[in-house]
Amino acid sequence: MGTPQTKGYPNQSSGNPYTTPSNADFGGGKHFANSNYKRHLLAIPKAKVDEMLFHQCILDNFKSFGEQSGYNAYDAKMKKHPDEPPKLIATRVWTGSAVYPRLKGILMNDNDDGCKAMAPFMRALNRQLVCQSPKAMVTYRGSKMNKADIILLKEFWTKAKEAGVPLITRVPAYYASSTELSVAKRFSTHGFRVKFIIPDGCPNCCYIESWTEFKGEHEVLFPPWTAFRIDKVDIDGEYALELAVLDNMLQPETIQVLPGGGISAASAIVGISAITGVAGVAALASPAGLHAAGAGAVGAGIPGISALAGAAAVSSAQAVVGMTAAEAGASLAVAGSMSAALSVDGESKFG
């Protein structure tokens, strides 16, 4: 890593190169609304991203934060495709190996300096991923979960289903899938796979085969903090998990990432931390209702759910979706426990 320079991206001053992401960076009550990712991304005017001059902004920021690998990869792609806009060069760089492992660690920990260093690049990449209005499709991803993980997840998911409460999560990192099941199978550690149901016109995903370094992966990429609803968990089925891809704009920004559960030392994916009603209205939209620090477990009494416990949170769930106190408590317990159970991400993009 180099010494910070004076240049930075618009509306931000340059800072020190980010240090190795730490699990501690993702503290209690973290969600998209208060994430460093959102803060640094929104500091960049969206209108700037489509300008060819934004190429230099991305390069300057990589250099400023000592991100030499990212700088070299972006500069090489830009020279090879000089007429392409930043969003396409960023997409090409993503498909290689120079940026995505480091970027995933930054996002999973919501590292402040790291998000700032990568913000221009992410702004450009997101420009390609969103509002592409793809046709309805099904995609797949290899899972790192083992049998014990699936069994525990199945137990919690069943409880939520019996309570009639859908479970929704947001994933804080870029999340890759493939239209080809054979690709997902190659990245499955224990043979478990995830199936994604993408609706027609989905605003937060993009098929990027045209710009990939690895033809044949048929990658469909989701931007950070994409919202998914878990519709099925089946340890004996062809797919361990079935996830419905949701419109991010219609989901509350306060769906939480729970400390110690959503993020693990193994770069585990964020767990389930939001409860929604049948009508799709968030039951726990306020951070205050979600994070009753130090409160005891409710409902099923499963450990590790203090961030979603307390009478205030139960009352909030009841008020929005009309659940009984028992249903609200049980749903909160299920959500908190699932956050500690769901662990499907590894070093590879598809697994």
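Bear in mind that the values here come from a model prediction, so they are computed numbers and not experimental data. (Residues numbered from 1 in each chain as written. Predicted model: local features only at pLDDT ≥ 70, side-chain atom pairs only at ≥ 80, totals over all residues. Heavy atoms only, no water.)

A.B. asks: An account of the side chain of S35 is needed here, citing residue identities and associated values.
C.D. replies: Inspection of the secondary structure puts S35 in the loop between β1 (30-31) and α1 (36-42). Residue classification places S35 among the buried residues on the basis of a relative accessible area of 2%. Here F32 takes part through its backbone oxygen, which lies 2.9 Å from a polar atom of the side chain of S35. If sequence neighbours within four positions are ignored, S35 has contacts with K30, D110 and W225. (Helix = DSSP H or I, 4+ residues; strand = E, 2+ residues; numbered from the N terminus. Buried < 20%, exposed > 50% of the residue type's maximum accessible area, 1.4 Å probe, protein only. Polar contact = N/O pair within 3.5 Å; in protein donor to acceptor, adjacent residues only side chain to side chain. Contact = heavy atoms within 4.5 Å.)

A.B. asks: Can you tell me about helix α7 (residues 147-162), naming the residues and giving the values?
C.D. replies: The periodicity of an α-helix, 3.6 residues per turn, causes residues three or four positions apart to be oriented the same way. For α7, with 16 residues, the first-to-last C-alpha span of 22 Å sits near the 22 Å given by 1.5 Å per residue. Within α7, the full set of buried residues consists of I150, L153, F156, W157 and A160. Down the axis of α7, the buried set is contained in an arc of 135°. They therefore lie on one face. Away from its buried face by more than 90 degrees, α7 exposes K147, A148 and E162. The N-terminus of α7 is capped by N146, whose side-chain oxygen sits 3.1 Å from the backbone nitrogen of A148. (Expected span 1.5 Å × (residues − 1). Arc of directions from axis to C-beta.)

A.B. asks: Describe the nonpolar core, and please don't skip the residues or the numbers.
C.D. replies: Y74, L103, F121, M122 and Y174 are the most contacted members of the largest nonpolar core, which totals 40 residues. Secondary-structure elements contributing two or more residues to this core are α1, α2 (54-64), α3 (68-80), α4 (86-95), α5 (100-109) and α6 (112-129). By residue number, the principal contributor to this core is α6, which donates 8 residues. Once you skip the residues sitting within four places of it in the chain, L103 turns out to touch W94, M118, F121, M122 and Y174. With 22 residues, the next largest nonpolar core counts W157, Y175, V220 and L243 among its residues. (Core = buried A, V, L, I, M, F, W, Y, C linked by side-chain atoms within 4.5 Å.)

A.B. asks: Residues and numbers for α6, please.
C.D. replies: Along α6, the largest kink reaches about 55° and is centred on A119; proline P120 follows within four residues of it. Counted residue by residue, α6 has 15 buried out of 18 residues, so it is predominantly covered. By the N-cap criterion, in which a side-chain oxygen at the helix start approaches the backbone nitrogen of a residue two or three places on, α6 is capped by N111, the distance to D113 being 3.3 Å. Among the residues trailing α6, C131 stands out with phi positive, at a value near 60°. (Bend = angle between axes of the 7 residues up to and from the residue.)

A.B. asks: Describe in detail the packing of aromatic side chains, supporting the description with residues and values.
C.D. replies: Scanning all chains against the criterion turns up 11 aromatic pairs. Ring plane angle 50° and centroid distance 6.3 Å describe the contact between F32 and Y37, whose orientation is recorded as tilted. The burial state of F32 is the same as that of Y37; both residues are buried. Between F196 and F222, the aromatic rings sit 5.4 Å apart at their centres with planes inclined by 40°, giving tilted as the arrangement. Here the residue F196 occupies a position in strand β5 (residues 193-198), and F222 occupies one in strand β7 (residues 219-222), the gap between them amounting to 26 residues. Summarising the burial analysis for this pair, F196 and F222 share the class buried. An aromatic cluster of at least three residues, connected via ring pairs, comprises Y175, F196, F222 and F228. (Phe/Tyr/Trp six-rings, centres within 6.5 Å; stacked < 30°, edge-to-face > 60°.)

A.B. asks: Explain the packing of α2 against α6 to me, using residue names and the numbers behind them.
C.D. replies: For the pair α2 and α6, the least separation of the axes is 8 Å and the interaxial angle reads 155°. When the interaxial angle is binned, α2 and α6 end up roughly antiparallel. As α2 packs across α6, the resulting crossing turns out to be left-handed. Facing α2, whose interface residues are F54, C57, I58, N61 and F62, α6 presents K116, A117, M118, P120, F121 and A124. Classifying every residue of the contact of α2 with α6 gives 9 nonpolar, 1 polar and 1 charged. (Axes fitted to C-alpha atoms, helices over the stretch in contact; angles between N-to-C directions. Parallel < 35°, antiparallel > 145°, perpendicular 65-115°, else oblique. Left-handed = near helix turned anticlockwise from the far one by under 90°. Nonpolar A, V, L, I, M, F, W, Y, C, P; charged D, E, K, R; others polar.)

A.B. asks: Outline the environment of Y100, supporting the account with residue identities and numerical values.
C.D. replies: Mapped onto the secondary structure, Y100 falls in helix α5. Along the chain, Y100 and G70 lie 30 residues apart, while their C-alpha atoms are 9.3 Å from each other.

A.B. asks: Outline the pattern of salt bridges, listing residues and values.
C.D. replies: With the rule as written, the count across this model stands at 9 salt bridges. Residue E253 is joined to K38 by a salt bridge in which the shortest nitrogen-to-oxygen separation is 2.6 Å. Highlighted residues: E253 in the loop between β9 (241-245) and β10 (256-257) and K38 in helix α1, separated in sequence by 215 residues. Taking relative accessible area as the criterion, E253 reaches 31% and is therefore assigned partly exposed. Residue R102 is joined to E67 by a salt bridge in which the shortest nitrogen-to-oxygen separation is 3.6 Å. On the criterion of sequence distance, the pair formed by R102 in helix α5 and E67 in the loop between α2 and α3 is long-range, its members being 35 residues apart. Its relative accessible area of 34% is what places R102 among the partly exposed residues. (Salt bridge = Lys/Arg side-chain N within 4 Å of Asp/Glu carboxyl O.)

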